[in-house]
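Analysis of the macromolecular model
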Amino acid sequence: PNAPTGKISRMRVIGGFAEPPTNPCGSDIYGYGEIEDYSFILLPSGQSVPPCVDTSKVIPKNGATNQCTHQTLRWPKVTGANYKLSLRDTVSGVFLANNLALTDTFYVVPSTLTTGSVYAWIAQTIQDGISGYACDSAYFTVSPNPDPIANILPGSDTVKVCRLGS
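Cut-off values and rules
- Residues numbered from 1 in each chain as written.
- Predicted model: local features only at pLDDT ≥ 70, side-chain atom pairs only at ≥ 80, totals over all residues.
- Heavy atoms only, no water.
- Helix = DSSP H or I, 4+ residues; strand = E, 2+ residues; numbered from the N terminus.
- Buried < 20%, exposed > 50% of the residue type's maximum accessible area, 1.4 Å probe, protein only.
- Contact = heavy atoms within 4.5 Å.
- Areas by Shrake-Rupley, 256 points an atom, 1.4 Å probe, with all protein chains shown as cover.
- Disulfide = S-S within 2.5 Å.
- Salt bridge = Lys/Arg side-chain N within 4 Å of Asp/Glu carboxyl O.
- Pairing = 2+ DSSP bridges.
- Phe/Tyr/Trp six-rings, centres within 6.5 Å; stacked < 30°, edge-to-face > 60°.
- Polar contact = N/O pair within 3.5 Å; in protein donor to acceptor, adjacent residues only side chain to side chain.
- Core = buried A, V, L, I, M, F, W, Y, C linked by side-chain atoms within 4.5 Å.

A closer look at the overall build of the protein chain
Within the protein chain, the secondary structure is distributed over zero helices and 12 strands. Walking the protein chain from its N terminus toward its C terminus, one meets helices and strands in the order β-β-β-β-β-β-β-β-β-β-β-β. Taking all 166 residues of the protein chain together, the buried fraction comes to 31%. Residue pairs at least 24 apart in sequence account for 59% of intrachain contacts in the protein chain once pairs closer than 6 positions are excluded. Looking at the protein chain as shown, the accessible area adds up to about 10,100 Å², and 53% of this sits on carbon and sulfur atoms.

What to know about the state of the cysteines
Where two cysteines share a covalent bond between their sulfur atoms, that bond is called a disulfide. In this structure the tally under the stated criterion is one disulfide. Disulfide partner of C52: C135, at an S-S distance of 2.0 Å. Since a negative S-S torsion denotes a left-handed disulfide, the C52-C135 link at about -80 degrees is left-handed. One end of the pair, C52, is in the loop between β2 (33–41) and β3 (64–67); the other, C135, is in the loop between β9 (130–131) and β10 (138–142), and 83 residues separate them in sequence. You can call C52 partly exposed: its relative accessible area is 30%.

A word on the pattern of salt bridges
Tallying each qualifying case throughout the model produces one salt bridge. Here D54 and K57 are joined by a salt bridge, their closest N and O atoms 3.9 Å apart.

Some remarks on the pairing of strand β6 (residues 95–102)
In the sheet, strand β5 (residues 82–89) pairs with β6 via five bridges, with the strands oriented antiparallel. Within the sheet, the bridge partner assigned to L85 lies in β6 and is L100. Counting the residues between successive antiparallel strands, the hairpin from β5 to β6 contains five residues, one of them, G93, with a positive phi of roughly 85 degrees.

Digging into the packing of aromatic side chains
Scanning all chains against the criterion turns up three aromatic pairs. Considering the side-chain rings of W75 and Y83, the 5.6 Å spacing of their centres and the 70 degrees angle between planes classify their relative orientation as edge-to-face. Each member of the pair, W75 as well as Y83, is classed as buried. Measuring from centroid to centroid gives 6.0 Å for W75 and W121, while their planes differ by 55 degrees, and the two rings are tilted. A residue pair is termed long-range when its members are at least 10 positions apart, and W75 in the loop between β4 (72–74) and β5 and W121 in strand β8 (residues 118–127) qualify at 46 residues. Judged on exposure class, the residue W75 and its partner W121 are both buried. Cluster of aromatic residues (ring-pair linked, three or more members): W75, Y83 and W121.

Some details on the environment of E36
Position of E36 among the secondary structure elements: in strand β2. Residue E36 is classed as partly exposed on the basis of its relative accessible area of 28%. Between the C-alpha atom of E36 and that of I14, which follows or precedes it by 22 residues, the distance is 6.5 Å. The residues touching E36, leaving out its near neighbours within four places in the chain, are M11, R12 and V13. For E36, the side chain forms a polar contact with the side chain of Y38, separated by 2.3 Å.

A few points about the nonpolar core
Among the nonpolar cores identified, the biggest contains 21 residues, and L73, W75, L85, L87, Y107, W121 and F140 are the most heavily contacted of them. Once residues within four sequence positions are removed from consideration, L73 is found in contact with I59, P60, L85, L87, T105, F106, Y107, V109, W121 and F140.

Here it is as structure tokens:
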């Protein structure tokens, strides 16, 4: 197929048993047969799709509740990878970060998160211009009265504490 390497491409396969398909890209209806759509990634020889970030090791934990309105997202390092981070409020649908390019394994959310909202986030790996594929998002819920949590930022003497009602 004539498709760019490292990008998701799509292919449609039509099998018309009583009549040959005339428009494989259209939505024609065939009396007997089937239509199947596939997604795939073409890679240069010897190259593979980078692994996903392990969502069982992210902070805040996947499915966490009772979280502060100020957050630092953290994930385990994938050797040789950079990252694209996306963070979305699932209640409003608003992205706070959308494919933000990062080299570190943490992200300090620059704005106050909304109490009661559930946030979805993903740190997608990138190696040699190829993105990890079919990686899982992690979710957490912000609480009006979270448990106190000390937050120490790498390379900084600043300690932030999430207090009740903050």
